[in-house]
Each structure stands twice: as C-alpha cells, then as structure tokens.
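# Descriptive structure summary
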Amino acid sequence: MFSLLQEAATTAAGHTEEAAATAAAGAEAAESASGMPQLDFSTFPNQIFWLVITLGVLYWVLSRIALPRIAAVISDRQGAITGDLMAAEEFKQKAKEAEAAYDKALADARVEAGKIVAANRAEIQKELDAAIARADAEIAARTAESEKRLAEIRTSSAADAREVARDVTGELVRSFGGKADEAAVDQAVDSRMKGTVQ
Amino acid sequence: MEGNIAELGQYIGAGLAAIGSGAAAVGVGNVAGNFLSGALRNPSAAAGQTATLFIGIAFAEALGIFAFLVALLLMFAV
Amino acid sequence: MATEAEEATGLSFHPMEQFLVKPLFGDGPVHWYTPTNVTLWMFITVAAIVALLVMGTRGRAIVPNRVQSVAELAYGMVHKMVEDVAGKDALKYFPYIMTLFMFITFSNMLGLLPKSFTTTSHIAVTGVLALAVFISVTVIGFVKNGTHFLGLFWVTSAPLALRPILAVIEVISYFVRPVSHSIRLAGNMMAGHAVIKVFAGFAAIAAISPLSILAVTAVYGLEVLVSFIQAYVFTILTCVYLKDALHPAH
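Chains are numbered independently. Their residues run from 1 in the order of the written sequence. A letter from A marks each chain and a number from 1 marks each ligand, given out in the order of writing. In keeping with the model being predicted, local features are shown solely for residues with a pLDDT of at least 70 and side-chain atom pairs are shown and tallied solely at 80 or more, while totals for entire chains, interfaces and linings include all residues. The side-chain figures draw on all heavy atoms in the structure; neither hydrogens nor water molecules are used.

Moving on: the overall build of chain B. The way it works is that DSSP assigns letters per residue, a run of H or I at least four long becomes a helix, a run of E at least two long becomes a strand, and they are numbered from the N terminus. Helix and strand counts for chain B come out as three helices and zero strands. Mapped in sequence order, the helices and strands of chain B form the string α-α-α. Taking all 78 residues of chain B together, 28% fall into the buried category. Within chain B, counting contacts between residues at least 6 apart in sequence, those at least 24 apart form 79% of the total. Accessible area of chain B: about 4,600 Å², with a carbon and sulfur share of 73%. Whether a residue is buried, partly exposed or exposed follows from its accessible area with a 1.4 Å probe, protein chains only, as a fraction of its type maximum: under 20%, in between, or over 50%, in that order. In what follows, a contact means two residues having at least one pair of non-hydrogen atoms within 4.5 Å. Each accessible area is a Shrake-Rupley result for a 1.4 Å probe, and residues are judged covered by the shown protein chains and nothing else.

Here's what the structure looks like:
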C-alpha cells in the first residue's frame, strides 16, 4: 500500500518534470487515473474530517428536530385514528339500538294487526254461524214439509192403486166367467200390495 | 512486445479474481431462489423473513465483493 | 499503465476519475480541512435529508402530503427494522441508525446524478461508518453484558470438542465484520459507477453507441435499486450487530 503511494508520488513528480507547463490539476488527474482514488491515503483525513462533521450535524438534526417531530405526528395520527374508531364504534352501537327499537315497534304493530284480524274474523264467524243455523232451520222445515207432502202423495197413491187393482182383479175374474168374491179379491190385492208398496 | 511478466500476472490475476464475482452471483441467486420457493409454500411467513433474506444475501455477496476488491487492487493498486 | 493501454486503442476509459477527491477552490494539496468535493456532496446530502425530514414534516399534518408521507415511510421502515431485528431495547440507538440509513441512502442516490461525487464509494468514508458501528457495538456489548458478552464466541450449543475451533472462527468473523461491512458498501457503489462509466466510454464508438446507451440505462436502473438495497443492508446489519451486543446468547 505504501509502495503504491511512493509510486504515485514518483510518477507525479515525473509528470511534473516532463511537462512543467501543464497545470498541476492535469498532472494529478493523469496520476490518479491510473490508480484507485479510494486508496489515496493523502485524502483520508480530509474525508474523515468532513464525514464526522456531516454525521454530527445529521445526528443532531435528526435526534433533536426531525425524529421527535415525526414520532409526535405519527402518535397524534394514531391517537386520532383510535379516537375516530371509538367514535365510530359508539355510532355503530347507537345505530344498533335504533334498529332494535324499530324492530320492536314493527313487531308490536304486527301483533296488534294480528289481534284486530283475529277479532274481525271471530265476529264474521259468529255472523256466519248464525246465518248458517238460520238456513239450516229453514232447510229442515222445508224438508219436513216436503216429506209430509210426499207421504200424503204416497198414501193417496197407494189407496188409488189398491182401488184400481181391486177393480181390475174383479173385472178379470168376472171376464173369466168366475164369480168375484169381494173379500177374497181384497185379501189377494192387499197381500200383493204389501210387498210392493212401502 | 514490451511489457513485463509482472504486469501479465497482474491482469491474469485480476481476471481470475473476477470469477469470484460470478460465484457470488450464484450464491445470491441461490439464497433468493430458496427464499422464493419457501415463500411460495408458506406465503404468510414470508413477510417476516425478508430481513433474514437480506442478511443472507449480504453475507453471500460480501465474499464476491472481496473478490472484486482483489481484482481492483491488482488492476490499479499493486 | 492502464492509461497507456487504453490510449493505444483510441478509447479513453477513466472509470476511476469520478472518485477523485479534488479541492473545491483552486487546486492546492488536499489538507484535512480543505473544502473538497467530498465536503460539497456531503453538504448536499445533509441539505436533502433536512429538506425531507425537517422541511417536509413542517406541516405536522394528520393527513400527510407527499413529502411528509415519504419521511414517515422512511421513519417507519427504520423504526420497524430496529424493533424487529435488534429488539425493543435497541430503540434507544434508533436516532443513530436512522442517521446512518438516511446518510447512506442519500449519498448513494445523489451519487447517481451525472457529474456528482459519491461519498459512500470511498473506503475512508464507509470505513469510518463501519468502524463506528463496530466499536460502539463492542462497547455496548461489554457495558451491557460484561464478560458475558464473550459468550458470543463460545457456542454452547455445539459439542465441547468443537467449541475452541468454533470460537476461533467466531472471533475471526467478528473482526471481519467491519471490513466486509465497509467494503460491501464502497465496493458496490464503486463497481456500479465504474461500470456505468465504462459503458459510457463505449458510447464514443458510433457503431455500438446505441447499445452502450441502452446498457448505461439498464445499469443505471440497477444502480438505483442497489443504492437503496445497500443502504438497507448496511442498516440491517448494524441492527444485527446491535442485537448480538444486547443479547449475546445465541
């Protein structure tokens, strides 16, 4: 490493001897273009000095001004966010309560309506029952009447039929040349009619 | 041809040292590739391991940088 | 010697020229107090960080504007990283880790501007950053845990016969930490910028200049990613080391 320095120095010296007219900067550039400026130890104190100053200033600025400020801003924001979140939670709770109240009102109204409907229905049912009973009674009366008339018709028709049958039988017996016995004919017709009528 | 053996050796050595940079590239690729395959298997754990990934890459690359430094020293400083 | 070879082909590659430390005024020697381009770009870095983290959050708005949300995003990311990786008791060191993260991110990103100077591409700078972490972590480890901190090197979960060997390996890997910590960052920055410069050098040849411009664009995109990832890696490794110091038991 130190041989490098010596070499650099000698080449620089050679350059300056060769071309005294050229500026020192040109010679320096030519010299260091062939080596690594990073290994030029003559510039180390300079760089280190300015670096230490830079780091000191930067550290002071960051630790005194910038970082506390940013930390404060971030924690403020965090606080604001958690506050907002809590407020939002509260509002949510309120909304939930309002919804529950609304639901309850709705359910009450529904029950009320159901009651009214049931009452109406009972009333209607009662009326309906009465009407049906009335109709039933009327129907029963009419049926009885009809039955009676039917029975009358039936008895009268049975008597008529017996009369006709007796006459027909008497005539038949007579036409066959027999002598109609009134009592026997009656008996025969009656016995015959018993099976058919009624 | 003028020139001397020492200069020849310098350039050859610098070229050889540059191989080390390629080897470091293989190493870094290995680290990153293995990280990726692990991360695809378990993506939820990957986010917490990026720091480890960078540390691994840095260590693998450090030796490549040493090789590069040797090459530079041979080229410019010896 | 490299210059001569390049001059012979007619192309001029000076990929390392962008890393030169030059005085801002005149061209005298670089003393330790000389304002150089290092000073300028570190100042720009500080100004940018102050603009983002202090000016951007001036409103202290509950609903942040764009700049403030970026600042809060950065804060939240590093805060969560420290908490997750190093534990809750490491939050005491959060301002310093945030300082590291913001400085490295902004240095890397600003270094991607054309004609700019990347302060984090210098081993002197990253070395100081890494050594500061290393020394403070070691001190914290001994102050918090006393000699128990040495348990970090004595792996009790391993068989007894293996422990001395493991202890040697652990000690070596412990002392390699600042080296790899610093060189990873500086090397990534240096390599990316040098590659861009080399591709840009090819643009002088008309036949392949479209290709080289395309390559510069692609590498530039990659470098934006690398800039952030390296800052992230530096920070997360700091957290890992801090965790080792606070809770040395494996």
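Ring geometry is summarised as follows: Phe, Tyr and Trp rings, the Trp one being its six-membered ring, pair when their centres sit within 6.5 Å, and such pairs are stacked at plane angles under 30 degrees, edge-to-face over 60 and tilted between the two. Under the counting rule described, the total for this entry stands at 15 aromatic pairs over all chains. Here the aromatic rings of phenylalanine 54 of chain B and tyrosine 232 of chain C are separated by 4.8 Å at their centres, their planes lie at 70°, and the arrangement is edge-to-face. You can see phenylalanine 54 of chain B sitting in helix H3 (residues 50-77) and its partner tyrosine 232 of chain C sitting in helix H7 (residues 209-246), one on each of two chains. Ring pairing ties together the aromatic residues Phe134, Phe142, Phe149, Phe153, Tyr174 and Phe175 of chain C, which thus form one cluster.

Here we come to the layout of surface pockets. Computed over the protein atoms alone on a 1 Å grid, cavities are sets of points where a 1.4 Å probe fits but cannot get out and pockets are open sets with protein on both sides within 12 Å along at least five of seven lines; a residue lines them when it has an atom within 4 Å of a point. Grid points are joined across faces, edges and corners, and a volume is the space filled by probe spheres set on the points. Volume-wise, the second largest pocket comes out at about 590 Å³. Taken together, 22 residues make up the lining of the second largest pocket; nearest its centre are Glu61 of chain B together with Asn188, Leu222, Glu223 and Val226 of chain C. At the level of secondary structure, the elements contributing two or more residues to the lining of the second largest pocket comprise helix H1 (5-41) and H3 of chain B together with helix H6 (163-202) and H7 of chain C. Here the element with the most residues in the lining of the second largest pocket is H7 of chain C; it accounts for eight residues. Residues are grouped as follows: nonpolar covers Ala, Val, Leu, Ile, Met, Phe, Trp, Tyr, Cys and Pro; charged covers Asp, Glu, Lys and Arg; every other residue, Gly included, is treated as polar. Across the lining of the second largest pocket, the residue classes tally to 14 nonpolar, six polar and two charged.

Next up on the list: the nonpolar core. We call a set of buried Ala, Val, Leu, Ile, Met, Phe, Trp, Tyr and Cys residues a nonpolar core when their side-chain atoms join them within 4.5 Å. Of all hydrophobic cores here, the largest spans 69 residues; its most connected members are Leu62 of chain A together with Leu53, Met98, Met102, Phe103, Leu129 and Leu242 of chain C. Of all the secondary-structure elements, those providing two or more residues to this core are helix H3 (44-175) of chain A, H3 of chain B together with helix H2 (37-55), helix H3 (66-86), helix H4 (94-111), helix H5 (123-145), H6 and H7 of chain C. In this structure leucine 242 of chain C touches Ala86, Ala90, Tyr93, Ile97, Val137 and Ile140 of chain C, once residues within four positions along its chain are discounted.

Let us look at the interface of chain C and chain B. The interface is formed by 22 residues belonging to chain C together with 17 residues belonging to chain B. The junction of chain C with chain B conceals about 1,600 Å² of combined surface from both sides, 81% of it contributed by carbon and sulfur atoms. For this analysis, a salt bridge means a side-chain nitrogen from Lys or Arg found within 4 Å of a carboxyl oxygen belonging to Asp or Glu. Applying the counting rule to chain C against chain B returns zero salt bridges. Looking at the side of chain C that touches chain B, the elements with two or more residues in it are H6 and H7 of chain C. In terms of residue count, the dominant contributor to the side of chain C that touches chain B is H6 of chain C (nine residues). Within the side of chain C that touches chain B, the residues separate by chemical class into 17 nonpolar, four polar and one charged. Two parts placed together each lose some accessible area; with a 1.4 Å probe, that loss summed over both constitutes the buried area.

Residues and elements named next belong to chain B. What UniProt calls "transmembrane region" (unreviewed entry) maps, in this numbering, to residues 12-33 and 53-77. Here residues 12-33 is 100% helix and 0% strand, with 32 Å between the C-alpha atoms at its ends. Secondary structure over residues 53-77 splits into 100% helix and 0% strand, and the C-alpha atoms at its two ends are 34 Å apart. UniProt positions are given in the numbering used here, feature names are shortened, and annotations may be inferred rather than shown by experiment.

Residue and element names in this part refer to chain B. Here threonine 52 is to be found in helix H3. Separated by 17 residues in sequence, threonine 52 and phenylalanine 35 place their C-alpha atoms 9.5 Å apart. Here a polar contact means two N or O atoms within 3.5 Å. Within protein one must be a hydrogen donor candidate and the other an acceptor candidate, and residues neighboring in sequence count only if both atoms are side-chain atoms. Among the polar contacts listed, one links the side chain of threonine 52 to the side chain of glutamine 49, at a separation of 3.0 Å.

Okay, unusual backbone geometry next. Residues and elements named next belong to chain C. At arginine 60, a residue that is not glycine, the phi angle is positive and equals roughly 50°. For arginine 60, the position within the fold is in the loop between H2 and H3. One non-glycine residue, lysine 115, lies in the positive phi region at around 70°. Inspection of the secondary structure assignment puts lysine 115 in the loop between H4 and H5. Its relative accessible area of 85% is what places lysine 115 among the exposed residues.

Let us look at the pattern of salt bridges. The full count for this structure, using the stated rule, is nine salt bridges over all chains. Between aspartate 186 of chain A and arginine 166 of chain A there is a salt bridge whose closest N-O contact spans 2.2 Å. Here arginine 166 of chain A lies in helix H3 and aspartate 186 of chain A lies in helix H4 (residues 182-196), a separation of 20 residues in the sequence. Note on aspartate 186 of chain A: relative accessible area 25%, which makes it partly exposed. Of the charged contacts, one joins lysine 80 of chain C and aspartate 84 of chain C as a salt bridge, the two residues approaching to 3.0 Å between their closest N and O atoms. Taken together, the residues lysine 80 of chain C and aspartate 84 of chain C, both in helix H3 and four residues apart, mark about one turn of the helix. By relative accessible area, lysine 80 of chain C is classed as exposed at 52%. Judged by its relative accessible area of 52%, aspartate 84 of chain C falls in the exposed class. Taken together, the shared-partner salt bridges in this structure form one network comprising Glu163, Arg166 and Asp186 of chain A.

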